[in-house]
Amino acid sequence: MTLRVRLIVLVAFVLLVSVVLGGMLALWHAAQSARTEMQAALLSGEHRVRDSIEYLPEVADREGDLRRLIATFNGDRHVRASLLNAHGKSVAQSVLSTTPDPTPDWFFDLLGVHPSASLISIGPTVTEEGIALETDPHNEVSEAWTEFRDGMVIVAVFCILSFAIIYWTAGRSLRPLETLSAGFRTIGTGDYGTRVAEGGTPEVEHLARAFNLMAERLGALEERNERLRTQLLTIQEEERADLARDLHDDVGPFLFAVNVDVASITRLAEEHGDAEILERGRSIREAVSHMQKHVKSILGRLRPTGVSEIGLFQAVENLGVFWRRRHPEISIELDVGAPNVSFGDVADATLYRLIQESLTNAIRHGQPRCITVSIRTQGRDEILLEVSDDGVGLNASMHRTGLGLAGMKERISALGGTLSVRNHIDGKGASVTACLPRQAPVPTPETEIES
Ligand SMILES: Nc1ncnc2c1ncn2[C@@H]1O[C@H](COP(=O)(O)OP(=O)(O)OP(=O)(O)O)[C@@H](O)[C@H]1O
Ligand SMILES: [Mg+2]
């Protein structure tokens, strides 16, 4: 239930309780006052009759006088007077005034005001036995009904107006909250550029200001994180390159020197016909050759990209050669662009690593027959990489990703790009699609420290 509906239901409940209690009180008061009015009218009628009949014996036309007395009650709102003969039969009766508004029966029953009567005897000198007075509450109840009905109409108009005002005010006041909730949803998707208008009631204005501050701060943090991740990648690449250079320059020449020395020792041993030294020399050469291969392989892993030196095209070609040699049954098609293609050192290295991991994943998990790698530019600002295979595809029950996909995501988001890994629609194989901005800024560590 929305806040607006809740408010209206709450106010409706309070108003209903007030109306019921107020209505009951009004009815009780109306009934009390009608009863009091009836008693007072009867009493006043009795006084009038008694005052008039006091001098009756001295009057010549007594009957005419009594009929005139009855006629004085004509048009009375509450009391009807009747002249009774010796047999108790009514010979003359006054006429009540007409009731202004017809009263519904249920209201009459609800008030419960009943008629009351009184009989005043006139005495033995006249033929008539007495005068009967009887109250009729219809007129009084009709008056109470008019008041009650008008009161209820006013309350109904008040309720309708209150509901309309609450509905309108709540809608107006809560609208900024809807905007805020949409803003939070957008923030949840990782878009920190969203802002909401700062206005409305002071509370909402404070909320909107706090939201904007939070979005600004999150945006700044995200930007900083991206810069740090990019730096990390650059530093990582530099560190690997340093290690590879040291290994290549310091260890390589010594191994080469050992090889040369062993070659001369072997030659000398051959000249002197020393079979044992010849045999040991061969063993050392084998060991050195093994170490050289090992160092080369470490170098290959430390600087696998070699992208800055040999270029992205050649580096990817080398990858193709590497896998074709090991899996000749898999067709690997590479479409990287022109031989001198380059998108900058960091982007090239990132593209290389993505291709490397995607190829490894496809071959390791997919059992494909064909893998295609393509790099295209999209518009002027985006680079699109797609590695697609026709293997078994991603496992639907795959609960967690390994380090490979996570590392790919980190590399891509460091450059402000996006990565999607999904199965083909026909269910045959999977594809990795990465989208990178073309000229991603690569801040230097000094810049970061200064900021
Ligand atoms: N081309 C593909 N075909 C089928 N499954 C794949 C493919 N690429 C990834 N997967 C699935 O995605 C999972 C996660 O891949 P990811 O590279 O993150 O981890 P990994 O290869 O299992 O381990 P790591 O890369 O850390 O050595 C894999 O275990 C595999 O189940
Ligand atoms: Mg992997």
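Here the structure is a predicted model, which means the values were calculated and not measured.

J.: I'm lost on helix α4 (residues 138-188) in this one. Help?
T.: Each α-helix turn comprises 3.6 residues. Residues three or four places apart therefore point the same way. The end-to-end C-alpha distance of α4 is 71 Å, a good match for the 75 Å that 51 residues give at a rise of 1.5 Å each. Maximal helix bending in α4 amounts to about 35 degrees, located at L174; proline P176 follows within four positions. Of the residues flanking the end of α4, it is G190, one or two places downstream, whose phi is positive at about 95 degrees.

J.: Would you explain the coordination of the magnesium ion (ligand 2) in this entry?
T.: Tetrahedral coordination by four donors places them ideally at 109.5 degrees to one another around the metal; octahedral coordination by six donors ideally gives 90 or 180 degrees. Taken together, E357 (OE) and N361 (OD1) make up the protein donors of the magnesium ion (ligand 2), found 2.1 Å from the metal. Of this pair, E357 and N361 both sit in helix α8 (residues 345-366), 4 residues apart, which is roughly one turn of the helix. In this structure N361 comes out as buried when scored by relative accessible area, which is 18%.

J.: How should the side chain of T266 be read in this particular structure?
T.: Assignment of secondary structure puts T266 in helix α5 (residues 202-272). If we ignore the near neighbours within four places in the chain, the residues touching T266 are L278, G281 and R285.

J.: Can you help me understand the packing of helix α7 (residues 307-326) against α8 in this one?
T.: Between two packed helices, what matters for the description is the angle formed by their axes and the separation of those axes. Two numbers describe how α7 lies on α8: the axes approach to 10 Å, and their chain directions differ by 5 degrees. Classified by the angle their axes make, α7 and α8 are roughly parallel. When α7 is examined against α8, the residues V307, S308, L312, A315, V316, L319 and W323 are found in contact with a partner set consisting of D345, D348, A349, L351, Y352, I355, Q356, L359, T360 and I363.

J.: Would you take a moment to explain the packing of aromatic side chains for this structure?
T.: The geometry of an aromatic ring pair is captured by two quantities: the separation of the ring centres and the angle between the planes. For the structure shown, the criterion picks out 7 aromatic pairs. The interplanar angle of 40 degrees and the centroid separation of 5.4 Å between the aromatic rings of F107 and F148 together place this pair among those described as tilted. Of this pair, F107 sits in helix α3 (residues 105-111) while F148 sits in helix α4; the two residues are 41 residues apart in sequence, bridging distant segments of the chain. Each member of the pair, F107 as well as F148, is classed as buried.

J.: Quick question: what am I supposed to make of the sheet that holds strand β5 (residues 331-335) here?
T.: Backbone-to-backbone hydrogen bonds join strands into a sheet, with any given pair of strands oriented parallel or antiparallel. The strand order β5-β6-β7-β9-β8 describes an open sheet built from 5 strands, whose pairing is mixed. Unpaired on one side and paired on the other, β5 and β8 (418-423) mark the two borders of the sheet. Across the sheet, the mean angle separating the axes of adjacent strands is 10 degrees when strand polarity is ignored. Its contacts with the sheet place α7 against β5 and β6 (370-378), and it is angled at close to 175 degrees to β5. The strands that helix α9 (residues 403-414) touches are β8 and β9 (430-437); relative to β8, the one it contacts most, it runs at about 145 degrees.

Thresholds, definitions, all that
- Residues numbered from 1 in each chain as written.
- Chains lettered and ligands numbered in written order.
- Predicted model: local features only at pLDDT ≥ 70, side-chain atom pairs only at ≥ 80, totals over all residues.
- Heavy atoms only, no water.
- Helix = DSSP H or I, 4+ residues; strand = E, 2+ residues; numbered from the N terminus.
- Expected span 1.5 Å × (residues − 1).
- Bend = angle between axes of the 7 residues up to and from the residue.
- Donors = N, O, S within 2.8 Å, 3.2 Å for Na, K, Ca; no water.
- Buried < 20%, exposed > 50% of the residue type's maximum accessible area, 1.4 Å probe, protein only.
- Contact = heavy atoms within 4.5 Å.
- Axes fitted to C-alpha atoms, helices over the stretch in contact; angles between N-to-C directions.
- Parallel < 35°, antiparallel > 145°, perpendicular 65-115°, else oblique.
- Phe/Tyr/Trp six-rings, centres within 6.5 Å; stacked < 30°, edge-to-face > 60°.
- Pairing = 2+ DSSP bridges.

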